[in-house]
Amino acid sequence: MLLSSSSSPSFSPSARVPLPAPGPGPRGLAGWLLLPALALLAAPLYLLADAARTVHQLSQPGAWEQLASPAAPGYHPLLPSLLHFEILAGLVGFVVGVWAALAFFRRRASAPGRVIAFFGLALGLQGIGALWAGQLPVAWAAAATNPWRAAVPLALLCAVGVPYFLASRRVANTFIR
């Protein structure tokens, strides 16, 4: 009786945080929304190109054997799985980025949530990759290959972009379809 659906409010795991109600004020893909628009155009393409570049490099004759053979110089047991992760992360990031971009440019009400999910996924995948790569001595050999280097701009993007998408009047007035 305590779990009766008629006496308790329903809970939906897909419930969204409500955006401010549309009203007077700025609307349209302008102002600060141009920055996420550029990111949503460029990021999925970059992720796909990066995955393709990794696959191309690994498909060169002898490249995989050089990285995955315990007898090879510079071999580390985590390296082959890290390379697989980077390829998969690039493909997943591309798909989620296109999914977010479609909603964004169609001005769907689901766009803010999708963009936030894409930003969070990108930061999460970068963090996992950086933690993983940090276990490899090769990753720290040169300052230019610091695995955390790409996570800083993504963290700043999330720190600024997520609150903007949650509280902006322009976002509430633009994404209403």
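Up top is the structure.
All values reported here derive from a predicted model rather than from experimental measurement.

Rules used throughout
- Residues numbered from 1 in each chain as written.
- Predicted model: local features only at pLDDT ≥ 70, side-chain atom pairs only at ≥ 80, totals over all residues.
- Heavy atoms only, no water.
- Helix = DSSP H or I, 4+ residues; strand = E, 2+ residues; numbered from the N terminus.
- Buried < 20%, exposed > 50% of the residue type's maximum accessible area, 1.4 Å probe, protein only.
- Contact = heavy atoms within 4.5 Å.
- Areas by Shrake-Rupley, 256 points an atom, 1.4 Å probe, with all protein chains shown as cover.
- Polar contact = N/O pair within 3.5 Å; in protein donor to acceptor, adjacent residues only side chain to side chain.
- Patch = residues over 30% accessible without salt bridge, like charges linked within 9 Å, V, L, I, M, F, W, Y side chains within 5 Å.
- Salt bridge = Lys/Arg side-chain N within 4 Å of Asp/Glu carboxyl O.
- Core = buried A, V, L, I, M, F, W, Y, C linked by side-chain atoms within 4.5 Å.
- Expected span 1.5 Å × (residues − 1).
- 1 Å grid on protein atoms, 1.4 Å probe; cavity = no way out; pocket = protein on both sides within 12 Å on 5 of 7 lines; lining within 4 Å.
- Points joined across faces, edges and corners; volume = space filled by probe spheres on them.

A few words on the overall build of the chain. Looking only at helices and strands, one finds 6 helices and 0 strands in the chain. Mapped in sequence order, the helices and strands of the chain form the string α-α-α-α-α-α. By residue count, 29% of the 177 residues in the chain fall in the buried class. Long-range pairs, those at least 24 residues apart, make up 72% of the contacts in the chain between residues at least 6 apart in sequence. Carbon and sulfur atoms make up 71% of the accessible area of the chain, which amounts to about 10,900 Å² in all.

Relative to the assigned elements, Thr174 resides in helix H6 (residues 169-174). In this structure the side chain of Thr174 is engaged in a polar contact, spanning 2.7 Å, whose partner is the backbone nitrogen of Gly28. When neighbours within four sequence positions are excluded, Thr174 is seen to be in contact with Arg27, Gly28, Leu29, Leu33 and Arg107.

Looking now at the side chain of Thr54. Take Thr54: it is sitting in helix H1 (residues 34-58). Thr54 sits in the buried class, given a relative accessible area of 11%. Filtering out sequence-adjacent residues up to four positions away, Thr54 remains in contact with Leu83, Glu86 and Ile87.

In this section: a nonpolar patch on the surface. A cluster of nonpolar side chains, Trp32, Leu35, Leu38, Leu41 and Phe105, forms an exposed patch at the surface whose accessible area comes to about 570 Å². At 3 residues, the largest contribution of residues to the nonpolar patch is made by H1. Relative to the elements of secondary structure, Leu35 occurs in helix H1.

Below, the discussion takes up the nonpolar core. Judged by nonpolar contacts, the single largest core of 16 residues is most densely connected at Leu40, Phe104, Val115, Phe165 and Phe175. Elements that contribute at least two residues to this core include exactly H1, helix H3 (79-105), helix H4 (111-133) and helix H5 (151-167). If one sorts the elements of this core by residue count, H3 sits on top with 5 residues. Listed in part, the 10 residues of the second largest apolar core include Leu58, Leu83, Ala89 and Leu136.

In this structure the tally under the stated criterion is 1 salt bridge. Put simply, Arg53 and Asp50 hold a salt bridge, and the shortest N to O gap is 3.1 Å. Of this pair, Arg53 and Asp50 both sit in helix H1, separated by 3 residues, roughly a single helical turn. Residue class for Asp50 comes out partly exposed when judged on its relative accessible area of 28%.

Here the focus is H1. With 25 residues, H1 extends 36 Å between its outermost C-alpha atoms, agreeing within 8% with the 36 Å of an ideal straight helix rising 1.5 Å per residue. Of the residues making up H1, those classed as buried are Pro36, Ala37, Leu40, Pro44, Ala51, Thr54 and Leu58. Residues of H1 that are buried make contact with helix H2 (63-68), H3, H4 and H5.

Turning next to the layout of surface pockets. What the largest pocket holds in volume is close to 1,300 Å³. Lining the largest pocket we find 42 residues, and of these Tyr46, Asp50, Glu86, Gln126 and Ala150 sit closest to its centre. Among the elements of the structure, H1, H2, H3, H4 and H5 are those that each provide at least two residues to the lining of the largest pocket. Ranked by the residues each element gives to the lining of the largest pocket, the list is headed by H4, at 9 residues.

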